[in-house]
Amino acid sequence: MSQRKASGDAGRATIRDVAERAGVSVASVSRVLSGNYPVSEELRRRVMKVVGDLDYVTNAHARSLAGGGTPTVAILINDITGAAFAHVARGVEGAATLRGWLSLVGTTGDDPERELALVNMMRQQGVAAVVLLGGAYDYDEYQLRMARFARSLDAADSHLVLVGRPPLEGDVPATTVDYDNEGGAYAMASHLLSAGHRKVLVLPGHAELTTAQGRLRGARRAFEAYGVPFEPNMVRHGFYDYEHGYDAVQESLRDGLDFTAVLAGTDVVAAGAMQALRAAGLRVPEDVSIVGYDDIPLASQLTPQLTTVHVPYEEMGRVALRAVADRREGGPGRRKGDGDHLVLGTHVVVRNSVRPPAPRV
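Residues numbered from 1 in each chain as written. Predicted model: local features only at pLDDT ≥ 70, side-chain atom pairs only at ≥ 80, totals over all residues. Heavy atoms only, no water.

## A look at the packing of helix α6 (residues 112–124) against helix α7 (residues 140–155)
Working step 1: Close contact between α6 and α7 brings their axes to 10 Å; oriented N to C, the two are set at 10°. In terms of orientation, α6 and α7 fall into the roughly parallel class. In this structure, α6 contributes Pro112, Glu115, Leu116, Val119 and Arg123 to the contact, and α7 contributes Arg145, Met146, Phe149, Ser152 and Leu153.
Working step 2: Partitioning the contact of α6 with α7 into residue classes produces 6 nonpolar, 1 polar and 3 charged. (Axes fitted to C-alpha atoms, helices over the stretch in contact; angles between N-to-C directions. Helix = DSSP H or I, 4+ residues; strand = E, 2+ residues; numbered from the N terminus. Parallel < 35°, antiparallel > 145°, perpendicular 65-115°, else oblique. Contact = heavy atoms within 4.5 Å. Nonpolar A, V, L, I, M, F, W, Y, C, P; charged D, E, K, R; others polar.)

## Examining the nonpolar core
The nonpolar side chains of soluble globular proteins are, as a tendency, buried together.
Working step 1: Of all hydrophobic cores here, the largest spans 49 residues; its most connected members are Leu133, Val163, Val177, Leu263, Tyr313 and Met316.
Working step 2: Apart from residues no more than four positions distant in its own chain, Val163 is found in contact with Phe85, Val88, Val131, Leu132, Leu133, Gly134, Val177, Met316 and Ala320.
Working step 3: Listed in part, the 22 residues of the second largest apolar core include Ala264, Leu277, Ile290 and Leu306. (Core = buried A, V, L, I, M, F, W, Y, C linked by side-chain atoms within 4.5 Å. Buried < 20%, exposed > 50% of the residue type's maximum accessible area, 1.4 Å probe, protein only.)

## Observations regarding the sheet that holds strand β3 (residues 129–133)
Working step 1: Spatially, the 6 strands line up as an open sheet ordered β2-β1-β3-β4-β5-β10, and their pairing is parallel. Each having just a single partner strand, β2 (102–107) and β10 (340–344) make up the two edges of the open sheet. Averaged over all adjacent pairs, the angle separating strand axes in this sheet is 20°, with direction ignored.
Working step 2: Where strand β5 (residues 174–179) meets β10, 5 bridges bridge the pair, whose relative direction is parallel. Within β10, the position partnered with Thr175 by the bridge is Asp340. (Pairing = 2+ DSSP bridges.)

## A short note on the pairing of β5
Working step 1: Most of β5 is tucked away: 6 of the 6 residues are buried.
Working step 2: With burial as the criterion, each face of β5 is covered, one bearing Ala174, Thr176 and Asp178 and the other bearing Thr175, Val177 and Tyr179.
Working step 3: By the bridge criterion, 4 bridges tie strand β4 (residues 160–163) to β5 in an arrangement that is parallel. Its bridge partner lying in β5, Val161 is registered against Thr175.

Just geometry here; none of it tells us what the structure is for.
Pasting the structure below:
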């Protein structure tokens, strides 16, 4: 059981309690705990023994308000169970740990009001940065809200980082870490077209989601480049989940759509689509080819293994944290009030879920 000072105070031990028990000044205890000043080994050992005896915990918030302490980065994500952006969060957290920083993770549930509340809370806590993960809906209000977040955090010596979202318009102090979303979709659609597919069911995602819009643009560009008519009735919008993939394929088959391949907006959507094809007695890829997007571990665990677009999600997280660290440490070209747009590449990972369309009987 932790000991407390003789006065009988049963509450949390304070730095004054530590100083009194160790027989040193509060300033000496502070120097030992901060590690920023040279102290004798004897003093350090004496203070740390008392810290252990009293189970003393440093008030990190008070230290951050004083301009010191451990930098903290807040990671805000729509859905913590989403595999793709969980990898981004891991990249942020791993890079933060290497620097001795702390990471906090919060979920917004795709709720703008909760997002606002969390950003304001993190600003009050004095975090080094707020990292927002995941696609955004293409509303004018989104641009205005993010600009307010960025300027509010900048005024508090913090910084807004958008990962996997489009850059903000105008002179806004925020960093965007993005990937070649449209280019990845172009390459994936081109892979199907080069295999001979002309009737492709496209499941890009929710129509108002910026991520889905980019993937649809990429697919359309590929069709144009190959001189193949793009048929709007072959596009089915929906959420990035297993159920959408299953339902979209099931409904398309029921409606009599003639397709030889499915271009899914995510690997999870592709998994649902694959199951719907099997339920209809169709084989992948013998009867229908299928491709995904993201290259999460699920892609190589499916049967057949899924051809997909690799997105460097963990690297995006590491880049996001480095951008914040460079800014705080006065890296080249980094200063308060600046914004940056960093774009990482994507590429197609060829596995076993695509083959040329079967000859028509």
